[in-house]
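Coordinates in review
Single-letter residue listing:
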Amino acid sequence: MVPTMVLVADDSRDTHRRDALWGLAEAVASRGEVPVTPAFGSPDDVAATVHSVRGPKVVVPAFVAGGDVASAHLLSRLGLGRMSDSCQTPPLGAVPSIVADLAGRLADSGWGPSDGVVLAADGTTGTEEHQVVMDVARMLSRRLDSPVQVGYLRTWAPSVVDAVDRLRRHGQDNVAVAAWRLVDGPDFDLLRGLDVTAITEPLWPSELVVDTLLAQHRAVRGRLA
């Protein structure tokens, strides 16, 4: 029996974000590799959906590490360790193909080799997610052959605004923002309000995201055998 993939995220903040998450779930399900159950909504809604899934299940975060504080907190409160016949994957992180795609999105958005770059993340309280964001920044810097500053919207410092200002003070008038976000949502309105040269669109839609979620599922489902 193939374990069900249960995609988890908070979708209570914005209808556009909700539509994007459901579109992602439909894209994963359309591959026909695994049964997929979306568990999106408030903490109570998500917990009820996760507990309603019969049989073995793999809980897969539908967000990137360090890129969604609300969803990370929601996931931590599910108590998955007390559930039998289930396991969990980490949020999407420093995956080379996804970082390469992010670099391509920067170029498509108008970034040039002489421009500054800020990787815009959300931030959480977890040190592991903080490390993932730093790893993404290093990988992106190597891919672009250009320094990458990290800026946060919540929890951690420096803020995105401070990171952009720092680059400007060091003589880089043109600054592009690489958004470390899986789907669109209210936070993008904050980023779009920045005085920057360019900003990337969310990582989804991209078939690479679907590929990686399925790869995560394959990597852990053997634990449930």
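For the structure itself, consult the block above.
Residues numbered from 1 in each chain as written. Predicted model: local features only at pLDDT ≥ 70, side-chain atom pairs only at ≥ 80, totals over all residues. Heavy atoms only, no water.

**Thoughts on the sheet that holds strand 4 (residues 86-88)**
Counted only if it meets this: Here a strand pair is declared whenever DSSP counts at least two bridges between the two strands. Runs of E in the DSSP output that reach at least two residues are strands. Runs of H or I that reach at least four are helices, and both are numbered from the N terminus. Fitted lines through C-alpha atoms serve as axes, helices being fitted only where they are in contact, and the angles separating the N-to-C directions of these axes extend from 0 to 180 degrees. The contact criterion used throughout is that any non-hydrogen atoms of two residues lie within 4.5 Å.
Read from one edge of the open sheet, four strands run 2-1-3-4, paired in parallel fashion. Edge positions in the sheet fall to strand 2 (36-40) and strand 4, since each of these pairs with one other strand and no more. Neighbour to neighbour, the strand axes of the sheet diverge by 25° on average, direction disregarded. With five bridges connecting them, strand 1 (residues 4-9) and strand 2 associate as parallel partners. Each bridged residue has a counterpart across the sheet, and for Leu 7 the counterpart in strand 2 is Pro 38. Strands strand 1 and strand 2 of the sheet are contacted by helix 1 (residues 15-30), whose axis makes an angle of about 165° with strand 2.

**Observations concerning the pairing of strand 3 (residues 57-61)**
How we decide: Think of it in three bands: with a 1.4 Å probe and only protein chains considered, a residue is buried below 20% of the maximum accessible area for its type, exposed above 50%, and partly exposed in between.
Along strand 3, five of the five residues are buried, which leaves the element largely enclosed by surrounding structure. Covered by surrounding structure in strand 3 are Lys 57, Val 59 and Pro 61 together with Val 58 and Val 60, the residues of both alternating faces. Pairing of strand 1 with strand 3 involves five bridges; the strand directions are parallel. Note that in strand 3 the partner of Val 6 across the bridge is Val 59.

**Here we look at the nonpolar core**
Short version of the rule: Take the buried Ala, Val, Leu, Ile, Met, Phe, Trp, Tyr and Cys residues and link them wherever side-chain atoms come within 4.5 Å; each set so joined is a nonpolar core. These domain limits were set by an automatic method or by a database of domain assignments.
Ranked by size, the top nonpolar core spans 51 residues in total, and within it Leu 7, Leu 119, Leu 140 and Trp 180 carry the most contacts. When we break this core down by domain, the ones giving at least three residues each are domain 1 (2-91 + 203-220) and domain 2 (94-198).

**Side note on the pattern of salt bridges**
Our working rule: We define a salt bridge as a contact between a side-chain nitrogen of Lys or Arg and a carboxyl oxygen of Asp or Glu at a distance within 4 Å.
Summed over all chains, the structure comprises 12 salt bridges. In this structure, Asp 184 and Arg 192 form a salt bridge, with 3.0 Å as the shortest nitrogen-oxygen distance. Accessibility expressed as a relative area gives 12% for Asp 184, which makes it buried. Ionic pairing is found between Glu 201 and Arg 192, a salt bridge with its closest N-O pair at 3.6 Å.

**So, the packing of helix 1 against helix 8 (residues 207-220)**
Threshold: Note that the term roughly parallel is reserved for angles under 35 degrees, roughly antiparallel for angles over 145, roughly perpendicular for angles of 65 to 115, and oblique for everything else. Each helix crossing is assigned a hand: it is left-handed if the near helix lies turned anticlockwise from the far helix by less than a right angle, otherwise right-handed if that turn is clockwise. The residue classification treats Ala, Val, Leu, Ile, Met, Phe, Trp, Tyr, Cys and Pro as nonpolar and Asp, Glu, Lys and Arg as charged. All others, Gly included, are polar.
The contact between helix 1 and helix 8 brings their axes to 10 Å, and the two run at 65°. Relative to helix 8, the element helix 1 is oriented roughly perpendicular. Handedness of the crossing formed by helix 1 with helix 8: right-handed. Contact residues: Leu 24, Ala 27 and Val 28 in helix 1; Val 209, Val 210, Leu 213 and Leu 214 in helix 8. Across the contact of helix 1 with helix 8, the residue classes tally to seven nonpolar, no polar and no charged.

These results come straight from atomic positions and should not be treated as a statement about function.
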